[in-house]
Amino acid sequence: NEMVGAQGLGIDNEMWDCHINHYDGYWWEDIEHFGYAQYFNELGWSAEAWDNGEPPETDDLYWDELTSRQQAAAAQLCWHRDLWNEVSIPMWG
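These lines cover the structure that appears in this document, whether it is placed above or below.

Cut-offs used in this document
Residues numbered from 1 in each chain as written. Predicted model: local features only at pLDDT ≥ 70, side-chain atom pairs only at ≥ 80, totals over all residues. Heavy atoms only, no water. Helix = DSSP H or I, 4+ residues; strand = E, 2+ residues; numbered from the N terminus. Disulfide = S-S within 2.5 Å. Buried < 20%, exposed > 50% of the residue type's maximum accessible area, 1.4 Å probe, protein only.

Not every positive phi belongs to a glycine, and histidine 22 is a case in point at roughly 50°. In this fold, histidine 22 is placed in the loop between helix 2 (13–20) and helix 3 (28–33). Phi at cysteine 78 is positive, roughly 70°, even though this residue is not glycine. Residue placement: cysteine 78 occurs in the loop between helix 6 (68–76) and helix 7 (81–84).

Right, let's talk about the state of the cysteines for a bit. If you walk through the whole model with that rule in mind, you get one disulfide. What pairs with cysteine 18 in a disulfide is cysteine 78, and their sulfur atoms sit 1.7 Å apart. Where cysteine 18 bonds to cysteine 78 through sulfur, the torsion about that S-S bond is close to 100°, and the disulfide is right-handed. You can see cysteine 18 sitting in helix 2 and its partner cysteine 78 sitting in the loop between helix 6 and helix 7, a full 60 residues away along the chain. For cysteine 78, a relative accessible area of 15% translates into the label buried.

This is how it looks when you write it as structure tokens:
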């Protein structure tokens, strides 16, 4: 599976959760427990929206449309401009 292959590349669970799935699959309770709620809140998420899969308006914005605080919060959740903007990996730069 993907996780076994990732572990073979030296990607541990924490790296996977942040860099690959950005905590998707976690319940809000877990997000709070691990101290990430403040960053998701800055991006417009709430417990109800997260647990019901209802993304905030920021989800439809390009990186440069986010405020500097939102960009900083996104960066704490392992997002960067190209990844946020859904740029194909070969085009990153």
